[in-house]
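In case you want the letters, here they are:
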Amino acid sequence: MPLVASAAGYVASVHGHGHSHSSPPRWWDYPLDSAGKRLAIGAVVALGVALFGMIALWPDGDAEVPEVFNNVGVDRLDVRVDDVVREQCFATPVEIECDTITFRLPDGTTGSFQQTPSVYTPVVEPGDQIVVANQTDPNIDERFRFYFLDFQRAKPLLILAGIFAAAVIVLGRSQGVRSLVALAISAVILVMFTLPALLETSSPVLVAIVGSAGVATVTLYLTHGVTHLSTVSLLGSLASLGLTGTLAWIFVEATNLTGLSDEDALFLLAGDNEIDLRGILLAGMIIGTVGILDDVTVTQSSAVAELHDANPAMPRRRLYGSALRVGRDHIGSTTNTLVFAYAGAALPLLMLLAQAQLNLGWALTSEIIAVEIVRALVGGIGLIASVPITTALATWVVHAERRGRPGQL
């Protein structure tokens, strides 16, 4: 038990940040017939399949914006509010007060629009940076030419992103920089491949698996280096991702989830009635799991490596059991985090159901809630499975390589 506690302390201190040996072995350092080389070959084959899938599914870029989303004759303008005055609404036969919001246009002229104060309209104050719609149709009455679209949020979001990047670099140093680069590349994969491919293909689940495999590969190898630790973590992540996708498909079918309960999904259907909403639902479950899977598998690989370094003579079964006990603590907290993350995202809906005092059984089995339940439970099972899978794989590699490089993974 002291050995397990020691490993648990190490994992807590480097949670999600990889292995810290001074000179971790690369897979090409091992003999051709070694377990490390075989592990690397397996990873190369898996990545080759994923790369071929990405090439085959790469979007051709011919998709057009559906007419329903084309704001013909409407321009978006970023403006600053100069003044807000409460006065009589335009063109109303009865006395109704509106807020007249005056702003400065990019060309130096002024414009204005009115909105009725209510709990459904945003509170706009002088000095606010907002986005307005400018209707360019010459037949539009000048009083109704502009209307409110949204607040400008670019500046505070950039500041927040800068604080996040600084925190990662200060704590992670060079590894933190690599993790930020990996995050940027993962975002490119999502924007340039996954999202366009989901709009163009009839196989959204396949796109999600291929895109997630690409994200996992970039994140693990770029952040933690091309080591056995990274390869074990990658294979553990891919195996668990496959299980998650299979379970999601089975239970989405078993519970007859349609994907029609999501308002955003209905907008998608309005733009393209050939989109497979059930497939998009499955793809979302897979993509939502990949990031946290990487975290769990890296931590388990690190636990096995540290336990082996502390006692290279430890038998395989004991090493596996000790590392698994470390994993149980991790998976308990991670699963709880996953469930409450989904609950937090659906908080307004949960509050609405509580406010309506609906029957609990009916509420939980309605599609709008059942989707979140299936998403959380399927993702949780995938995370749980990643612990024994990764631990077994890491234990096998450690013992198979003992003669070549004792104590290193």
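Residues numbered from 1 in each chain as written. Predicted model: local features only at pLDDT ≥ 70, side-chain atom pairs only at ≥ 80, totals over all residues. Heavy atoms only, no water.

1. Remarks on the overall build of the protein
Now for step 1: Scanning the protein from terminus to terminus reveals eleven helices and five strands.
Now for step 2: Residue burial in the protein is summarised as follows: out of 409 residues, 39% are buried.
Now for step 3: Taking contacts inside the protein between residues at least 6 apart in sequence as the whole, the part at least 24 apart equals 69%.
Now for step 4: Surface exposure of the protein reaches about 22200 Å², of which carbon and sulfur atoms provide 63%. (Helix = DSSP H or I, 4+ residues; strand = E, 2+ residues; numbered from the N terminus. Buried < 20%, exposed > 50% of the residue type's maximum accessible area, 1.4 Å probe, protein only. Contact = heavy atoms within 4.5 Å. Areas by Shrake-Rupley, 256 points an atom, 1.4 Å probe, with all protein chains shown as cover.)

2. Describing the state of the cysteines
Now for step 1: If you walk through the whole model with that rule in mind, you get one disulfide.
Now for step 2: Paired by a disulfide, C89 and C98 hold their sulfur atoms 1.7 Å apart. Because the sign of the S-S torsion sets the handedness, a value of about 90 degrees for the bond joining C89 and C98 places this disulfide among the right-handed ones.
Now for step 3: Given the relative accessible area of 4%, C98 is considered buried. (Disulfide = S-S within 2.5 Å.)

3. Section: the nonpolar core
Now for step 1: F193, V207 and L383 are the most contacted members of the largest nonpolar core, which has 32 residues in total.
Now for step 2: Elements supplying a minimum of two residues to this core: α2 (35–57), α3 (154–200), α4 (204–224), α5 (228–254), α7 (277–310), α8 (316–345) and α11 (367–400).
Now for step 3: Here the element with the most residues in this core is α4; it accounts for eight residues.
Now for step 4: Sequence-distant contacts of L383, defined by excluding residues within four places in its chain, comprise I292, L293, V296, I331, T334 and L338.
Now for step 5: With twelve residues, the next largest nonpolar core counts V79, V81, L105 and V132 among its residues. (Core = buried A, V, L, I, M, F, W, Y, C linked by side-chain atoms within 4.5 Å.)

4. Examining the packing of aromatic side chains
Now for step 1: Within this structure, the stated rule accounts for five aromatic pairs.
Now for step 2: Between W58 and F193, the ring centres sit 5.5 Å apart and the planes meet at 25 degrees, which makes this aromatic pair stacked. Of this pair, W58 sits in the loop between α2 and β1 (74–88) while F193 is found in helix α3, placing the two residues 135 residues apart along the sequence.
Now for step 3: Residues F90 and F144 carry aromatic rings whose centres are separated by 6.3 Å and whose planes lie at 90 degrees to one another, so their mutual orientation is edge-to-face. Of this pair, F90 sits in the loop between β1 and β2 (97–104) while F144 is found in the loop between β4 (129–135) and β5 (146–151), placing the two residues 54 residues apart along the sequence.
Now for step 4: Overall, the relative accessible area of 22% leaves F90 in the partly exposed class. (Phe/Tyr/Trp six-rings, centres within 6.5 Å; stacked < 30°, edge-to-face > 60°.)

5. Considering the environment of F103
Now for step 1: Of note, F103 is situated in strand β2.
Now for step 2: On a C-alpha basis, the gap between F103 and Q129 in space is 9.5 Å, while along the polypeptide they are 26 residues apart.

6. Things to note about the packing of α3 against α4
Now for step 1: Contact geometry for α3 and α4: axes closest at 8 Å, N-to-C directions at 165 degrees. Between α3 and α4, the angle falls in the class roughly antiparallel. When the axes of α3 and α4 are compared, the crossing they make is right-handed. Of the residues in α4, those touching α3 at Q175, R178, S179, V181, A182, I185, S186, I189, F193, T194, A197 and L198 are P204, V207, V210, G211, G214, V215, V218, T219, L222, T223 and H224.
Now for step 2: Tallied by class, the residues present in the contact of α3 with α4 amount to 13 nonpolar, nine polar and one charged. (Axes fitted to C-alpha atoms, helices over the stretch in contact; angles between N-to-C directions. Parallel < 35°, antiparallel > 145°, perpendicular 65-115°, else oblique. Left-handed = near helix turned anticlockwise from the far one by under 90°. Nonpolar A, V, L, I, M, F, W, Y, C, P; charged D, E, K, R; others polar.)

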